[in-house]
Structures are given as structure tokens and as C-alpha cells.
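# Working through the structure, step by step
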Amino acid sequence: MEILDLEPPYAIQNYVKNTKNGLYFNNVYIPEEIILYILAFLDPKELLKFSLVCHNWNKFIKSYTLWSTLYRRKYHDKPKQLPWYLLYCLLNTNYFNNNLLKNGNGEEEFAHWHILDGGYCMIENPPRGTDPVPLHVPEFNKQTGCFATAYGYFWKMQNIKLGKNSFFRYIVNRYKPHIYLSEWTACRFNCGCIYKLRCGFVRSDTCDPYRRKAGAVHRVNQKEGSKWEKIEIIITEYPDDIEELIFEHEAHDVDYKGRHCSSKVAGCVLKFLFDSIEPLLTDENGTEKPKMFSELKYDTNVEKQTQEERIVTHVTPNGMCFQEFESFVIAS
């Protein structure tokens, strides 16, 4: 998914100062408070263009006072003391609190997904041998289908391109909003399975790719997994200069018995959490210090994945093929 491009509002230069300009209409003086009150009723998507009127309007529109008023009107709460352009970004773009993944329940077959390493996957609508998809859960978007293993396992991914937008890169690198991933998984009533959720990072510096992934593992014992369970990851520290995020999930049946479609997944979510943004610390001169990356850190509601697994295909003397998972330690 390509995130909306936008010219950085903080980069727009101020214009020539005139202490009276913009405060008089038909020779009648209008107090700043009244102008701010009026501006707060305009469409937030149109406000930025009016900052070109004069220096005073530029100051009003690029102020915490105005955008905190708009924030309170929409969310019925007071925002943190953040720069105005962060509130602008929340109210006018799809950067934050929105699911950036597409086709999370297989409603478009396999559109937007890439099947990895020969994995097999199919769409079940409704799921077979599992409880129905809980339609009251927002992540399912009232869809009743899911992805399911076929012939033992599947492994697929979706790329989220952050684009070349300097505004969003500035925010991500400077404030490091938390990245949230989640998905619902279940298993056929008479089978067991292992489900894995991972998030990878593609950096702009392709000569030095970041190899570690945030990963979670959910193991389902045989005959215990027909109920849908939500798996979550919250990434709190991650590399700088990210160009893409990779949502990657994988599932395989504990006992391979042919095409019995054991593992089920649906309701995929990946988003940046605006509420995780905190005001930056300042140095002795009052200059803000951006958050610095040291190591990948994340939390999950299940077991953390400390190693990766690759699928290895074996051929028996009589020509029969079977597959198994071989583990290896992630390179730091």
C-alpha cells in the first residue's frame, strides 16, 4: 500500500512580517482569538493553504492552539503537547491508526499478497472445522472467509511502501511512533498447528539491510484450537530510514496428513499508533533530541520468535516428496 504523499507543512517558509496584516476586515479590528475560533470551523484539509495569506495567518494556522481545538472536537480529549504538524498529520492523512494492509481476509483471493518459498494456501469461506469468524470484530470488516493451509503449510507476505515522502519520514525517524501488528488465527478442531507473525524492515540504505525481524509464535495443541485467537505485536524501537514494512505470516500443521486445511488466519492489521508519540526530550540549550535507534524492541501477547525456520524439501528413494521445517538463529 502506498501511503499518501504530502508536502511537508513545516517546510513552508514564513512570509514578511506585518503585525497588523490579516487582523483587519473592512477597517474593523478582529482579535486573534476570534480569528482562531473562526478558522477552527474550516475543513482541516483546507486550512494549510490559508497560511499563505499573511504572516499572522501563517502563525495562527501553524499553531498548537488551533490544531488542539480540532483534535478535541474530533476525539473529545486533550492532546499531548506536540508540534502542530503532528496533529495536522493525524487529522488529514492516513498515516496513523489506520490499517495499511489490504485483503486481510481473502475477500480478493490473493490480491496484494506474495506467496513465499512454494507455500500452499487456499481461501475458505466459511472456515471448515473451525468456529465461524467473529463478525463483531472490526478487523474482519464483516467478511466471513479466511486463509487456510493446504498440503501442510503456507507462508506469505505483504509489503507496505512508505514512499519517498519527506514529511512522514521526518516523523517516523524523529518520533518513532509504535508499529502495531495483529491477526486472528484458529485451527481445525481435530488438528494442531504452529502460527507465526513477523514484521520485517526494508531500509533506504540497501547496502546495509536490517536483518532482524519482530516475531511472534502461537502453538496450538491437537484438538484445542477451533476458537479464534488474536495474536499481537507492538514494535517500540526499530531502525531509521525505513522504506517498507513487511507483514509476514506463516502457519503449518503439526502432523502433516495431506490436504486437511488445519491452520486458519484472517483479520490482518498493520498500523502506526499516534497515541504512542511522546514529546521529545530537550538538551541544555532547549533543542529537541530525536529518538535514537539502538536495537529492535517489541512486545507480544504470545511467545517471541527468537529464531527463524526455513522449509526444506526432501525426496525419498521412491520419488515421494515431503517437507519439514529447519530452524536457524537470526543474525543480529
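About the cut-offs
Residues numbered from 1 in each chain as written. Predicted model: local features only at pLDDT ≥ 70, side-chain atom pairs only at ≥ 80, totals over all residues. Heavy atoms only, no water. Pairing = 2+ DSSP bridges. Helix = DSSP H or I, 4+ residues; strand = E, 2+ residues; numbered from the N terminus. Core = buried A, V, L, I, M, F, W, Y, C linked by side-chain atoms within 4.5 Å. Buried < 20%, exposed > 50% of the residue type's maximum accessible area, 1.4 Å probe, protein only. Contact = heavy atoms within 4.5 Å. Axes fitted to C-alpha atoms, helices over the stretch in contact; angles between N-to-C directions. Phe/Tyr/Trp six-rings, centres within 6.5 Å; stacked < 30°, edge-to-face > 60°. Lys NZ or Arg CZ within 6 Å of the ring centre and 35° of its normal. Left-handed = near helix turned anticlockwise from the far one by under 90°. Nonpolar A, V, L, I, M, F, W, Y, C, P; charged D, E, K, R; others polar. Patch = residues over 30% accessible without salt bridge, like charges linked within 9 Å, V, L, I, M, F, W, Y side chains within 5 Å. Areas by Shrake-Rupley, 256 points an atom, 1.4 Å probe, with all protein chains shown as cover. Salt bridge = Lys/Arg side-chain N within 4 Å of Asp/Glu carboxyl O. Parallel < 35°, antiparallel > 145°, perpendicular 65-115°, else oblique.

### A closer look at the sheet that holds strand E9 (residues 214–220)
Sheet architecture is open: 6 strands sit in the order E3-E6-E11-E8-E9-E16, paired in antiparallel fashion. Each edge of the open sheet is held by one strand with a lone partner, namely strand E3 (114–115) and strand E16 (303–304). Of the strand pairs in this sheet, E9 and E16 are connected by 2 bridges, and their pairing is antiparallel. Residue pairing for E16: Val217 is matched across the bridge by Glu303.

### Structural notes on the nonpolar core
By size, the foremost hydrophobic cluster in this structure holds 67 residues, and its most contacted members are Phe96, Phe201, Ile235 and Phe272. Looking at this core element by element, the count peaks at 8 residues for helix H5 (residues 84–92). Setting aside residues up to four positions removed in sequence, Phe201 forms contacts with Ile179, Tyr210, Arg212, Ile235, Tyr238, Pro239, Ile242, Glu244, Leu245 and Leu296. Counting 8 residues, the second-largest nonpolar core is a separate cluster that includes Val137, Trp184, Ala186 and Trp228.

### Description of the sheet that holds strand E4 (residues 121–124)
Sheet architecture is open: 6 strands sit in the order E4-E5-E12-E7-E10-E15, paired in antiparallel fashion. Strands at the two margins of the open sheet, each flanked by one partner only, are E4 and strand E15 (297–300). Each neighbouring strand pair of the sheet contributes to a mean axis angle of 30 degrees, computed without reference to strand direction. Examined bridge by bridge, strand E7 (residues 178–187) and strand E12 (residues 263–273) share 9 bridges and lie antiparallel to one another. Across the sheet, the residue bridging to Thr185 is Val265, located in E12.

### Brief notes about the packing of aromatic side chains
Within a pair of aromatic rings, the relevant descriptors are the distance that separates the centres and the angle that separates the planes. In total, this model carries 20 aromatic pairs according to the counting rule given. Ring centres of Tyr85 and Phe167 lie 6.3 Å apart, and the angle between their planes is 70 degrees; on these two criteria the pair is classed as edge-to-face. Residue Tyr85 is located in helix H5, and its partner Phe167 is located in helix H6 (residues 166–175); the two are separated by 82 residues in the primary sequence. Lying across the ring of Tyr298, Lys304 places its NZ or CZ 4.6 Å from the centre.

### Observations concerning the packing of helix H4 (residues 64–75) against H5
For any two helices packed against each other, the geometry comes down to the angle between their axes and how far apart the axes lie. For the pair H4 and H5, interaxial distance at closest approach is 9 Å and the crossing angle is 35 degrees. H5 is crossed by H4, and the crossing has left-handed handedness. For the pair H4 and H5, contact is made by Tyr64, Trp67, Ser68, Leu70, Tyr71, Lys74 and Tyr75 and by Trp84, Leu87, Tyr88, Leu90, Leu91 and Asn92, respectively. Broken down by class, the residue content of the contact of H4 with H5 amounts to 10 nonpolar, 2 polar and 1 charged.

### Overview of a nonpolar patch on the surface
On the surface, a nonpolar cluster with roughly 440 Å² of combined accessible area is contributed by Ile34, Tyr37, Ile38 and Phe41. Classification of Tyr37 by relative accessible area gives exposed; the value is 54%.

### Points about the pattern of salt bridges
Counted according to the given criterion, the structure contains 15 salt bridges. One salt bridge in this structure joins Glu250 and Arg198, with 2.7 Å as the shortest N-O distance. Highlighted residues: Glu250 in strand E11 (residues 242–253) and Arg198 in strand E8 (residues 193–203), separated in sequence by 52 residues. With respect to class, Glu250 is no different from Arg198; both count as buried. Note that Glu237 is salt-bridged to Lys297, the shortest N-O span being 3.5 Å. With a gap of 60 residues between them, Glu237 in strand E10 (residues 229–237) and Lys297 in strand E15 connect regions that are remote in the sequence.

### Considering the packing of H5 against H6
Across the interface, H5 lies against H6 with an axial gap of 12 Å and an inter-helix angle of 120 degrees. On the basis of their axis angle, the class for H5 and H6 is oblique. The handedness of the crossing between H5 and H6 comes out as left-handed. Along its contact with H5, which presents Tyr85, Leu86, Tyr88 and Cys89, the element H6 presents Phe167, Tyr170, Ile171 and Tyr175. When its residues are assigned to classes, the contact of H5 with H6 shows 8 nonpolar, no polar and no charged.

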